[in-house]
Amino acid sequence: MLFFTLLLEVIWILAADGGQHWTYEGPHGQDHWPASYPECGSNAQSPINIQTDSVTFDPELPTLQPHGYDQPGTEPLDLHNNGHTVQLSLPPTMYLEGFPRKYVAAQLHLHWGETGSLGGSEHQINSEATAAELHIVHYDSDSYGSLSEAAPMPQGLAVLGILIEVGETKNPAYEHILSHLHEIRNKDQKTSVPPFNVGELLPQRLDQFFRYNGSLTTPPCYQSVLWTVFNRKAQISMGQLEELQETLFSTEEEPSRPLVRNYRAPQPLNQRTVFTSFIQVGSVYTTGEMLSLGVGILVCCLCLLLAVYFIARKIRKKRLGNRKSVVFTSARATEA
Ligand SMILES: *[C@@H]1O[C@H](CO)[C@@H](O)[C@H](O)[C@H]1NC(C)=O
């Protein structure tokens, strides 16, 4: 009997260690995730650094259409500090069109940096991170009954990634989340938020995005995510960023640990292609191509200039020759 109790205890401890405990830094930090969660060490991971000079324009990419974002039901939404992030539950009346299947919303959450840091996004564009990043998580409801059922399956999830930078003014849409953070300072605390227009969290120009196959950015890092990262950024004020960086704790009780720096470093792209829905200014030609184009134009101009010079010289010579013969004939005339 005692043996079985002990065995259960051991299994429970192992399960808790393997299935629960991970952090961003330290002995359970991101470099150690693959030891407990093998998929985190696999070859199609997220986030990535999007190099805009090596993306592929795909004119066939359908426009992305969020539905039900403006009014996500009438019931309050759950806002939860889970120790890793702040997460807002979303109703399945919110869904995305523009994919082969219907993806319904499940939750959204944020990633951000150290207090005072302007780097905290997970995705980067041309090696530049922004202050924070919003992820709106959807699952394929045509094929699966729930988020947890879809999460490990290929293309089971569609996540929208919105890079957030600091701007001049307070963003009222983000205030619907940020103004409630003080109610859920500690891990596992929950509160309710009145429904609001979630669409206003998105940036301008939903038609400009990057699309690639990747993973969850937290353990167990399932490679099941069809990623959409918008080209344009959303903006919040410095005060709002500070609220995000300074309000939450990743612990349930003392000693309290601030919930900051909850972003994963960019992962290798490996053999993947990043598609874009739009032609970028500057990405039509690479820097090298631009340079050779510039040199080409310069050489052409030089040739043209030389040609004009020689033609002008020839014309002048001809004119001088004519004048000489005129002088000659007039001289002969006076002789006679
Ligand atoms: C993602 O992977 C699937 C299966 O390999 C492939 O059909 C699809 O084209 C890929 N999509 C992107 C955006 O790379």
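Residues numbered from 1 in each chain as written. Predicted model: local features only at pLDDT ≥ 70, side-chain atom pairs only at ≥ 80, totals over all residues. Heavy atoms only, no water.

Looking at an unreviewed UniProt entry, the protein chain carries the name carbonic anhydrase, with the source organism given as Panthera leo. Check the Sequence similarities (unreviewed entry) section of the UniProt entry for the protein chain; it says "Belongs to the alpha-carbonic anhydrase family." What UniProt records for the protein chain under Cofactor (unreviewed entry) is the sentence "Zn(2+)". (UniProt positions renumbered as here; feature names shortened; annotations may be inferred.)

Next up on the list: the site of the ligand. As a structural note, the neighbourhood of the ligand is formed by Gln155, Arg211, Asn213 and Phe275. In the environment of the ligand, an oxygen atom lies 3.3 Å from a nitrogen or oxygen atom belonging to the side chain of Gln155. In this structure, Asn213 approaches the ligand through a side-chain N or O atom, which is 2.2 Å from an oxygen atom. Contact with the protein chains covers 43% of the free accessible surface of the ligand, which is 360 Å². Its residues assigned to classes, the shell around the ligand comprises 1 nonpolar, 2 polar and 1 charged. (Near = heavy atom within 4 Å. Polar contact = N/O pair within 3.5 Å; in protein donor to acceptor, adjacent residues only side chain to side chain. Areas by Shrake-Rupley, 256 points an atom, 1.4 Å probe, with all protein chains shown as cover. Nonpolar A, V, L, I, M, F, W, Y, C, P; charged D, E, K, R; others polar.)

In this section: the state of the cysteines. With the rule as written, the count across this model stands at 1 disulfide. Between the sulfur of Cys40 and that of Cys221 lies a disulfide, 2.1 Å long from S to S. Here Cys40 and Cys221 share a disulfide; its torsion about the S-S bond, 85 degrees, makes the bridge right-handed. Here Cys40 is found in the loop between α2 (33-36) and β1 (49-50), whereas its partner Cys221 is found in the loop between β12 (209-214) and β13 (225-230), with 181 residues between them in sequence. Pair check on accessibility: Cys40 and Cys221 agree, each one buried. (Disulfide = S-S within 2.5 Å. Helix = DSSP H or I, 4+ residues; strand = E, 2+ residues; numbered from the N terminus. Buried < 20%, exposed > 50% of the residue type's maximum accessible area, 1.4 Å probe, protein only.)

Looking now at the pairing of strand β7 (residues 103-112). Counting buried positions along β7 yields 10 of 10 residues, so the element is predominantly enclosed. Across 2 bridges, strand β6 (residues 95-97) lies against β7 in antiparallel orientation. Each residue of the ladder has a partner; that of Tyr95, found in β7, is Val104. Hairpin connection, β6 to β7: the antiparallel pair is bridged by 5 residues, and Gly98 has positive phi, about 115 degrees. Alignment of β7 against strand β9 (residues 132-140), held across 9 bridges, turns out to be antiparallel. When the sheet's bridge partners are listed, Ala105 is paired in β9 with His138. (Pairing = 2+ DSSP bridges.)

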